[in-house]
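Listed below, chain by chain, are the residues.
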Amino acid sequence: MADAPETTAVSCIEKLKSYVRTRKGTILTAEIVLSFIIIICYAASFYGGYSAVAICEMVFAIIIMVVFVMELDKQLLVISWPWTDFIRAAIGSVLYLITSLICVIGGSGDGARIAGGVLGLLAGILFGYDAYLTFMTIKGNRQHTPAPTDYA
């Protein structure tokens, strides 16, 4: 009975390691790490209010990663997880691009804010790429039935 928590912890770590090796896991890990670095940049700047987007997107990426690592998407069938992930990534991309452009354009004299803005532009591109891949996966999973061609 004392070995049960260790095997559960080892199994969770193994699941995480194997998921991070997949393309989706690598992208989610990069989103989390990049969002954390952006939070640090914005926290070091004079205007720390821009870190809200990075915090929210990092938390949402962590939640999606936990759902996929623990395979909760196969148990909670009420939510369409691919569409949820697509909407998360698309909104994250748009928000990162908007706030990053604001920070880069208006951040003269504040190096940390400009660095956060440049990294935010990269994060916007990464989130956009994630949204694109997720949408292509959704589009590819649809079952197409041919339209009837005979009129009788």
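Just above sits the structure.
Residues numbered from 1 in each chain as written. Predicted model: local features only at pLDDT ≥ 70, side-chain atom pairs only at ≥ 80, totals over all residues. Heavy atoms only, no water.

Student: A description of the overall build of the protein chain should follow, citing residues and the corresponding values.
Tutor: Helix and strand content of the protein chain: five helices and zero strands. Reading the protein chain from its N end, one meets helices and strands in the order α-α-α-α-α. By residue count, 34% of the 152 residues in the protein chain fall in the buried class. (Helix = DSSP H or I, 4+ residues; strand = E, 2+ residues; numbered from the N terminus. Buried < 20%, exposed > 50% of the residue type's maximum accessible area, 1.4 Å probe, protein only.)

Student: Run through the layout of surface pockets, naming residues and quoting values.
Tutor: Considering only enclosed or pocket space, the largest pocket measures out at about 480 Å³ in volume. Looking at the largest pocket, it is lined by 21 residues, and the ones nearest its centre are Tyr19, Lys24, Phe68, Asp85 and Thr137. Listed by contribution, the elements that provide at least two residues to the lining of the largest pocket are α1 (4–20), α2 (23–44), α3 (51–69), α4 (81–106) and α5 (111–141). With six residues, the single largest contributor to the lining of the largest pocket is α5. Grouping the constituent residues of the lining of the largest pocket by class yields eight nonpolar, four polar and nine charged. (1 Å grid on protein atoms, 1.4 Å probe; cavity = no way out; pocket = protein on both sides within 12 Å on 5 of 7 lines; lining within 4 Å. Points joined across faces, edges and corners; volume = space filled by probe spheres on them. Nonpolar A, V, L, I, M, F, W, Y, C, P; charged D, E, K, R; others polar.)

Student: Describe the packing of α4 against α5, and please don't skip the residues or the numbers.
Tutor: Contact geometry of α4 with α5 gives a least axis separation of 7 Å together with a crossing angle of 155 degrees. It follows that α4 is roughly antiparallel to α5 by the angle criterion. Of the two elements, α4 crosses α5, and the hand of that crossing is left-handed. Residue classes in the contact of α4 with α5 are distributed as 19 nonpolar, 10 polar and four charged. (Axes fitted to C-alpha atoms, helices over the stretch in contact; angles between N-to-C directions. Parallel < 35°, antiparallel > 145°, perpendicular 65-115°, else oblique. Left-handed = near helix turned anticlockwise from the far one by under 90°.)

Student: Got a sec to walk through the pattern of salt bridges? Specific residues and values, please.
Tutor: Overall, the coordinates contain five salt bridges when judged by the stated rule. Asp85 is paired through a salt bridge with Arg88; the nearest N and O atoms lie 2.7 Å apart. Placement of both Asp85 and Arg88 in helix α4 is noted, with a separation of three residues, approximately one turn of the helix. The buried category is assigned to Arg88, whose relative accessible area is 8%. As a salt-bridge pair, Asp130 and Arg88 come within 2.8 Å of each other at their nearest N and O atoms. Taken as a pair, Asp130 in helix α5 and Arg88 in helix α4 lie far apart in primary sequence, 42 residues in all. (Salt bridge = Lys/Arg side-chain N within 4 Å of Asp/Glu carboxyl O.)

Student: So what's going on with α3? Which residues, and what values?
Tutor: With 19 residues, α3 should reach 27 Å at 1.5 Å per residue; the first-to-last C-alpha distance of 27 Å fits that figure. Backbone geometry just downstream of α3 places Glu71 in the positive-phi region, at approximately 55 degrees. (Expected span 1.5 Å × (residues − 1).)

Student: Explain unusual backbone geometry residue by residue, including any values.
Tutor: The backbone of Glu71 shows a phi angle near 55 degrees, a positive value even though the residue is not glycine. With respect to the element layout, Glu71 can be found in the loop between α3 and α4. Classification of Glu71 by relative accessible area gives partly exposed; the value is 41%.

Student: Help me get a handle on the packing of α2 against α3, residues and values and all.
Tutor: Where α2 meets α3, the closest approach of the two axes is 9 Å, and the angle between their N-to-C directions is 155 degrees. Comparing the axis directions of α2 and α3 gives the class roughly antiparallel. Judged by the sense of rotation from one axis to the other, the crossing of α2 with α3 is left-handed. Residues Lys24, Gly25, Leu28, Thr29, Glu31, Ile32, Ser35, Phe36, Ile38, Ile39 and Tyr42 of α2 touch α3, and the partners they reach there are Ser51, Ala54, Ile55, Glu57, Met58, Ala61, Ile62, Ile64, Met65 and Phe68. Looking at the contact of α2 with α3, its residues break down into 14 nonpolar, four polar and three charged. (Contact = heavy atoms within 4.5 Å.)

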